[in-house]
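Structural features, examined
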Protein chains: 2
Amino acid sequence: MGSLASFNELGNGFSNNVNPLDPDEFRRQGHMVIDFLADYYQNIEKYPVLSQVEPGYLAKRLPTTAPYVAEPVEAILQDVQQHIIPGITHWQSPNYFAYFPSSGSVAGFLGEMLSTGFNVVGFNWISSPAATELESIVVDWLGQMLDLPPARDRMLLKVGRENIGKLVVYASDQTHSALAKAAKIAGIDPKNFRAIKTKRSAAFGLSPESLRHAISTDVKAGLIPLYLCATIGTTSTTAVDPLIPLCDVAKEYGMWVHVDAAYAGSACICPEFRHFIDGVEGADSFSLNAHKWFFTTLDCCCMWVKDPSSLIKSLSTNPEYLRNKASESNQVVDYKDWQITLSRRFRAMKLWLVLRSYGVANLRNFLRSHVKMAKRFEQLVITDNRFEVVVPRYFAMVCFRVSPSALPFRNADDDNEMRANEFNRKLLETVNAEGRIYVTHAQVDGIYMIRFAIGASLTEDKHVLMAWKVVQETVDAMLNTL
Amino acid sequence: MGSLASFNELGNGFSNNVNPLDPDEFRRQGHMVIDFLADYYQNIEKYPVLSQVEPGYLAKRLPTTAPYVAEPVEAILQDVQQHIIPGITHWQSPNYFAYFPSSGSVAGFLGEMLSTGFNVVGFNWISSPAATELESIVVDWLGQMLDLPPARDRMLLKVGRENIGKLVVYASDQTHSALAKAAKIAGIDPKNFRAIKTKRSAAFGLSPESLRHAISTDVKAGLIPLYLCATIGTTSTTAVDPLIPLCDVAKEYGMWVHVDAAYAGSACICPEFRHFIDGVEGADSFSLNAHKWFFTTLDCCCMWVKDPSSLIKSLSTNPEYLRNKASESNQVVDYKDWQITLSRRFRAMKLWLVLRSYGVANLRNFLRSHVKMAKRFEQLVITDNRFEVVVPRYFAMVCFRVSPSALPFRNADDDNEMRANEFNRKLLETVNAEGRIYVTHAQVDGIYMIRFAIGASLTEDKHVLMAWKVVQETVDAMLNTL
């Protein structure tokens, strides 16, 4: 590299190259990739859903340096087929039941194309008014669908900077790991992060009494309660924290309450699920990841804040090179002041396409169909008395395991729970290694369980039935060899 | 909303709807949007490059709630044309010379399509090995193209958490505003952020002597020097901080040195520009935004870290639900531990497509053609003695203004510099309001200047000549009315 010289290298740089954004080439190559991806979706079930490659596989197949001269798109797509696809874990496969879904859709994809095509950097209003205004509009639409309360003023939290070491953040021990990481990054002393213990008897929801006890202990010790994160649909088991009493406790201490409904918030656009976020009017902020279970491609996190001024006060910057009349008119929103980074993608385009292409009716239907399939799977688990559903199923995820009682008795000293954990761990590994379905696990309160999360857009009844068959057959074989 | 019921609403949720990811619909609608965008690029010069809408325009045109029933893609695209495009500031227009470029390309777009199509959430290796491994490969490729040093060990910075209030961050007063914001978010006391003054006589580069003076003053006061950000190509004027002597000073104090080459780093793949980052081997981290001037759609920020372990130590989380054999084998990278968020888009796909589709030769050519056009523009400015180039042009941005001496003499008490600032401010506003081109400004050391940044992929010689004509004609008219 660097020692070669091509015709282009020696050219004048103006006329010898096709422009990198040439509209005719855009059209030709764009159609080619649409067909490539449509074929991919048509054939997706032929691939093992969990990638079967070994660490380091790709470096063995690709060159060690970038090409010096251009390569045709045909050759690149061939490499995608031969070398990239084997290394993909197919989140869009109908047999993907792992983690939480990453539910793609035609509308989400089209929105991403438009966003990428315009390729604007919407940090302030003037840099593309439509990006800012469409974002306000669609996030309001979704807020209405969720029946969120409209914004109102509140007293700003007033904590002197010299007290940063005294601030305490509260959440349950089921809260997503992102919270502890965010708190650490924000300068909160990790020893002031309280992961309050939850119990299986309360379905792993955060107890308001435990919260009050933790806060009052801290206050007595001279610390300052700052922030409570309540979760609607935890990652391990989709547990739900009781918003109304938690917000009451937090209010007494003037804390900021954030509601993390990253996964389960989507379901709350259906009237029959809305009760899970009752009490949200007592919270200061609420978030939902449309890229999880709302048919919008990664990434699209929606956040509502009761009092944006406290956010803006904290995150606003106004360097001279970004000054403009529109911002100074105070008639517009500059979303750069609502987030950490300056650059912003035009994500509103995706959410708009999804909301319009499907409408509220179909979106509810899609979500309900996933919940219905989860109920069916739950029923299958219950019907086979070797298995148990470990925690209540609220949404489209079933947490189940082979019961300790289904394992052959060995001797009285055996720890049945530990044996069950080992058995279920091996069950998960065996099922995943085989590649027909992909599921993941959780371990809560000492219990190892399999998380069966439904939400891939292509999943239908038959895939759920097949998955259950795979689980049953694997257990049959495992029990036979015990 | 909520009171209507459609057939779908009452259906069983399994069979009455077209699947949201139906491959045939994907193909049909995907082709439609490719044609829509190809037409957009073909017609892009017909639109005013800076959006001419008024604040609040879009809410007047769109409904106040999401539709209850699905809408056809044809209707949505019609609305994009009629209601969204007027609110777009066309960053892809060849007449866009504002801020820094957001240089789209066919290859960048295709990479985005593939990334979105697979829609994997590559937080750890197992969640899609290809996403992690391709990222390591292409970032290595680009590192080679920039001739960055390979990684090596270094002593971890050891600062007790109780001293967070004593940590000091250093940069020049030309550093991007994102740094002060990041430092504040990370818990650095804003009064410990040093924006060291630069001078026009040093082309606004950070002086190592000034840095040393600031550090030694802080150390005497009991503070702890933590971090230096040096910039190659500042936002206001593309100033370049001298890396070799700055790293020498920082090394004496054991500080972390980050090199922000967000914009100008791209040019450094050309041998004739590589000298701008000479000394980078003395830094701890280096970043470049491929979405600025490297033909990769937003967003794609590349970062190299000398010692990833210090990053991982700070950002790693290992909740049970993410545990897997591959991670525990220590044979793989889990990029979640290199960043703040857990979810990650498959951005490597975009960079790979760009590198392969164009090759090093064409990429250098594209960049050189932009620099060549900037030189031509600079020459035009110099030739008209009413104008001056305010700071040296290093890359593809020219900072110019109408000279104070070109303005008619009024009286001896006039502040000529202030009058020039006012004149140039009005020049910028007039040019932008007319909509044929879009440029932005900077104000440095009291001087208001127009930033003419070349880098939109569709820009050719003729657009640069036209832009200069627009500027000249506007100045002619303005001087005539003085």
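Sequence order sets the numbering: in each chain, residues are counted from 1 along the sequence as written. Chains and ligands are labelled sequentially in the order written, the chains with letters from A and the ligands with numbers from 1. Local features in a predicted model are, by the rule used here, given only for residues with pLDDT of at least 70; side-chain atom pairs are given and counted only at 80 or more, and totals for whole chains, interfaces and linings are based on all residues. Side-chain metrics in this entry use all non-hydrogen atoms of the structure; hydrogen atoms and water are not considered.

Under an unreviewed UniProt entry, the name given to chain A is Tyrosine/DOPA decarboxylase 3, and the organism recorded is Hibiscus syriacus. UniProt positions are given in the numbering used here, feature names are shortened, and annotations may be inferred rather than shown by experiment. Word for word, the UniProt comment on chain A under Cofactor (unreviewed entry) is "pyridoxal 5'-phosphate". The UniProt entry for chain A carries this comment under Sequence similarities (unreviewed entry): "Belongs to the group II decarboxylase family."

When the copies are superposed, the least-squares fit takes in the C-alpha atoms of residues with a pLDDT of at least 70 in both. In screw terms, the move from chain B to chain A is a rotation of 180° and a rise of 0.0 Å along the axis, fitting with an RMSD of 0.0 Å. Taken together, the rotation and translation relating the two chain copies correspond to the operation of a two-fold axis. When you check the interface residues of chain B against chain A, 100% turn up at the interface there too, and the contact is symmetric in its surfaces. Contact definition: two residues touch when any of their heavy atoms are within 4.5 Å.

Moving on, we come to the UniProt feature "modified residue: N6-(pyridoxal phosphate)lysine" (unreviewed entry) in chain A. All names here are of chain A. The UniProt record annotates "modified residue: N6-(pyridoxal phosphate)lysine" (unreviewed entry) at K292. Put simply, DSSP H or I for four residues or longer makes a helix, DSSP E for two residues or longer makes a strand, and each gets a number counted from the N terminus. Assignment of secondary structure puts K292 in helix α9 (residues 290-293). Contact partners of K292, with chain neighbours within four places excluded, come to F100, P101, S102, S103, A262 and Y263.

Right, let's talk about the packing of helix α12 (residues 348-383) of chain B against helix α14 (residues 461-480) of chain B for a bit. Residues and elements named next belong to chain B. One way to put it is that α12 packs onto α14 with a least axis distance of 10 Å and a crossing angle of 25°. Of the possible angle classes, the one that applies to α12 and α14 is roughly parallel. In this structure, α12 meets α14 at a crossing whose hand is right-handed. Listed contacts from α14 to M373, R376, F377, L380 and V381 of α12 are D461, V464, L465 and W468. Note on geometry: axes are C-alpha line fits, over the in-contact stretch for helices, and angles between N-to-C directions span 0 to 180 degrees. Each angle is binned into one of four classes, with values under 35 degrees roughly parallel, values over 145 roughly antiparallel, values of 65 to 115 roughly perpendicular, and all other values oblique. With the far helix as reference, a near helix turned anticlockwise by less than a right angle produces a left-handed crossing, and one turned clockwise produces a right-handed crossing.

Residues and elements named next belong to chain A. For the domain bounds, the source is a domain assignment made automatically or taken from a database. Each domain of chain A was delimited in the assignment, giving domain 1 (116-357) and domain 2 (363-480). The straight-line distance from the C-alpha centre of domain 1 to that of domain 2 is 32 Å. Taken together, the 28 residues of domain 1 in the interface contact 25 residues of domain 2. Between domain 1 and domain 2 the total buried area reaches about 2300 Å² when both faces are included, carbon and sulfur atoms providing 70% of it. Accessible area that two parts lose when put together, evaluated with a 1.4 Å probe and summed over both, is termed the buried area. The three residues of domain 1 that bury the most area against domain 2 are R200, W293 and F295, which together make up 29% of that side's buried surface. Take a side-chain nitrogen of Lys or Arg and a carboxyl oxygen of Asp or Glu: if they are within 4 Å of each other, that pair is a salt bridge. Our count for the contact surface shared by domain 1 and domain 2 stands at two salt bridges. Nitrogen and oxygen atoms within 3.5 Å of one another constitute a polar contact, given that in protein one can donate a hydrogen and the other can accept it, and given that sequence-neighbouring residues count only through two side-chain atoms. On inspection of domain 1 and its partner domain 2, the count reaches seven residue pairs in polar contact (both at pLDDT 80 or more). Three classes are used, and their members are as follows: Ala, Val, Leu, Ile, Met, Phe, Trp, Tyr, Cys and Pro are nonpolar, Asp, Glu, Lys and Arg are charged, and the others, Gly among them, are polar. Class assignment of the residues belonging to the side of domain 1 that touches domain 2 gives a composition of 18 nonpolar, seven polar and three charged.

With that settled, consider the sheet that holds strand β3 (residues 224-231) of chain A. Residue and element names in this part refer to chain A. Ordered by their spatial adjacency, six strands build an open sheet running β2-β1-β3-β4-β5-β6, and the pairing between neighbours is mixed. Only two strands of the sheet have a single partner each, and these edge strands are β2 (193-196) and β6 (301-305). Neighbour-to-neighbour, the strand axes of the sheet open up by a mean angle of 20°, direction not taken into account. Across five bridges, β3 lies against strand β4 (residues 256-260) in parallel orientation. Bridging from a neighbouring strand, Y227 pairs with W256 of β4. Pairing between two strands requires that DSSP report at least two bridges joining them.

Residues and elements named next belong to chain B. The geometry of helix α7 (residues 208-220) relative to helix α8 (residues 243-252) is characterised by a closest axis approach of 9 Å and an angle of 15° between their N-to-C directions. Comparing the axis directions of α7 and α8 gives the class roughly parallel. Between α7 and α8 the crossing geometry is right-handed. Here P208, L211, R212 and I215 of α7 come into contact with α8, specifically with P245, L246, V249 and E252.

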